[in-house]
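Residue-level structure breakdown
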Amino acid sequence: MLSERNFARQIDLTSLQLFVAVCELGSIGRAAEREFIAASAISKRLSDLEAALGTTLLLRHARGVRLTVAGEGLLHHARAVLFGLEKMQVELAEYADGVRGHVRVHASISAIVQFLPEDLGAFTRLHPQIKIDLEEHLSPKVLRAVQEGAADLGLCNGATGIGGLQSLPYRRDRLVLVVPRGHPLADGGPVAFETSLPFDHVGLHANSSIHLATHQAASRAGTSVRVRIRVTGLDAMCRMIANDLGVGVMPERAFKLLNATDTLQALPLTDPWALRQLVLVARNFSSLPATARLLVDHLQAVEMQQAA
């Protein structure tokens, strides 16, 4: 069996590119035409690739080729390698154009809607040559991305449970019950979530932290949430509630930003779980790249200003 070093030496990128081309087109001949190379040269490279791996990757037949199980595995990894190289090329080109660094951030919808536009906008004005790649995900997926190295930093609900990651406080938010004006609960001041359970609800994604918190609260009350419709965003939730499809739970600041028509009312929830701590997470804050540490320091400074 080849050692890792010898294996890396025998697998070249051109052979991987040609292998992917053959798989995508289903034919060595068609791949040769697209790549402007002789079919015999592709066949030789594929044979060398199979020899290096010690297994058959393609089954030749009259109409072209068919992948073996090993070939399917290699195709998956080859595409990942080529995609990674393409991304590296783009990022390095940006360095040449003056971009001094990248920070990959995954964040929950609550953090993105309520706080990050202003906080990241202020950061990029201070550090215009640092690029931030921001993706929105549910809190569990944010944590997984950081654990697996797909993101440098994560921002999510601290109550989710961060596993073996490190965390720092970011912002606090409060959940409110949103109802149409004229609803039986409207104008009643702060309410316990349990009082909303006799009514239909507009719910968020089943793995969202708000979904989990509300359904756990209903379970403790010995009942369940009557979800009439489920949406993926807070703006869609507001529109559904405004059209009398139910009530819903969302962060208070998000409600204030999204309630443009003033047809809805937000009732503060008295439940302890309605006051939430959003956190920054990383595998190890001290070992982050310098650009990511700059962003952490900036977001921590913002959190301290808010707490003051």
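A short tour of the structure in this document, coming up. These figures come from a predicted structure and were not determined experimentally. (Residues numbered from 1 in each chain as written. Predicted model: local features only at pLDDT ≥ 70, side-chain atom pairs only at ≥ 80, totals over all residues. Heavy atoms only, no water.)

This paragraph deals with the overall build of the chain. Secondary structure summary: the chain contains 12 helices and 11 strands in total. What you see for the chain is a C-alpha radius of gyration of 26 Å, clearly larger than the 19 Å of a compact globule of 308 residues, by over 25%. Summarising its shape, the C-alpha atoms of the chain cover approximately 80 × 45 × 35 Å along the three principal directions. For the chain, with 308 residues in total, the buried portion stands at 43%. (Helix = DSSP H or I, 4+ residues; strand = E, 2+ residues; numbered from the N terminus. Rg over C-alpha atoms; globule rule 2.2 N^0.38 Å. Buried < 20%, exposed > 50% of the residue type's maximum accessible area, 1.4 Å probe, protein only.)

Judged by nonpolar contacts, the single largest core of 33 residues is most densely connected at Leu-177, Phe-193, Leu-269 and Trp-273. When residues of this core are traced back to their parent elements, those giving at least two are strand E6 (166-180), helix H9 (209-220), helix H10 (234-242), strand E9 (248-251), helix H11 (252-258) and strand E10 (264-268). Of all the elements, E6 adds the most residues to this core, at 5 residues. Apart from residues no more than four positions distant in its own chain, Leu-269 is found in contact with Arg-174, Leu-175, Val-176, Leu-177, Val-191, Ala-192, Phe-193, Val-249 and Ala-274. (Core = buried A, V, L, I, M, F, W, Y, C linked by side-chain atoms within 4.5 Å. Contact = heavy atoms within 4.5 Å.)

For the structure on display, the rule yields 2 aromatic pairs. Ring geometry for Phe-115 against Tyr-170: centres 6.2 Å apart, planes inclined by 90°, an arrangement best described as edge-to-face. In this pair, Phe-115 is assigned in the loop between helix H6 (109-114) and helix H7 (116-126) and Tyr-170 in strand E6, connecting sequence segments 55 residues apart. Both residues of the pair, Phe-115 and Tyr-170, count as buried. Taken together, a centroid distance of 5.6 Å and an interplanar angle of 75° make the contact between Phe-193 and Trp-273 edge-to-face. Taken together, the residues span a long stretch of sequence, with Phe-193 in the loop between E6 and strand E7 (201-203) and Trp-273 in the loop between E10 and strand E11 (275-282) at a distance of 80 residues. (Phe/Tyr/Trp six-rings, centres within 6.5 Å; stacked < 30°, edge-to-face > 60°.)

Turning our eyes to something else, we now look at the packing of helix H2 (residues 13-25) against helix H3 (residues 28-35). Between H2 and H3, the shortest axis-to-axis distance is 8 Å and the interhelical angle comes to 120°. Judged by the angle between their axes, H2 and H3 are oblique. The handedness of the crossing between H2 and H3 is right-handed. Contacts between H2 and H3 involve Leu-18, Ala-21, Val-22, Glu-24 and Leu-25 on the former and, on the latter, Ile-28, Arg-30, Ala-31, Arg-34 and Glu-35. Looking at side-chain class alone, the contact of H2 with H3 contains 6 nonpolar, no polar and 4 charged residues. (Axes fitted to C-alpha atoms, helices over the stretch in contact; angles between N-to-C directions. Parallel < 35°, antiparallel > 145°, perpendicular 65-115°, else oblique. Left-handed = near helix turned anticlockwise from the far one by under 90°. Nonpolar A, V, L, I, M, F, W, Y, C, P; charged D, E, K, R; others polar.)

Enumeration over the complete set of coordinates arrives at 13 salt bridges. Between Arg-171 and Asp-119 there is a salt bridge, with the nearest N and O atoms lying 2.9 Å from each other. With Arg-171 in strand E6 and Asp-119 in helix H7, this residue pair connects regions lying 52 residues apart in the sequence. Its relative accessible area of 5% is what places Asp-119 among the buried residues. Residues participating in the shared-partner salt-bridge network are Glu-24, Arg-34, Glu-35 and Arg-79. (Salt bridge = Lys/Arg side-chain N within 4 Å of Asp/Glu carboxyl O.)

When the terminal C-alpha atoms of H2 are compared, their 18 Å separation across 13 residues agrees well with the 18 Å that a helix rising 1.5 Å per residue should span. Taken residue by residue, H2 has Ser-15, Leu-16, Leu-18, Phe-19, Val-20, Ala-21, Val-22 and Cys-23 as its buried positions. At the N-terminal end of H2, a side-chain oxygen is found 3.2 Å from the backbone nitrogen of Thr-14, two or three residues along, and the residue is Asp-12. At the C-terminal side of H2, Gly-26 shows a positive phi close to 70°. (Expected span 1.5 Å × (residues − 1). Polar contact = N/O pair within 3.5 Å; in protein donor to acceptor, adjacent residues only side chain to side chain.)

Moving on: the pairing of strand E5 (residues 153-157). Extensive coverage of E5 is indicated by the burial of 5 of its 5 residues. Relative to E5, strand E3 (residues 101-107) runs parallel, the two sharing 3 bridges. Within E5, the residue paired with Val-105 across the bridge is Leu-153. Two strands pair when backbone bridges link them, and E5 and E11 are joined in this way by 4 bridges, in the antiparallel orientation. When the bridges of E11 are listed, Asn-157 appears paired with Leu-278. (Pairing = 2+ DSSP bridges.)

Summarising the element assignment, Leu-168 is placed in strand E6. Residue Leu-168 is classed as partly exposed on the basis of its relative accessible area, which comes to 25%. Setting aside residues no more than four positions away along its own chain, Leu-168 makes contact with Val-279, Leu-280, Phe-285, Val-296 and Gln-300.

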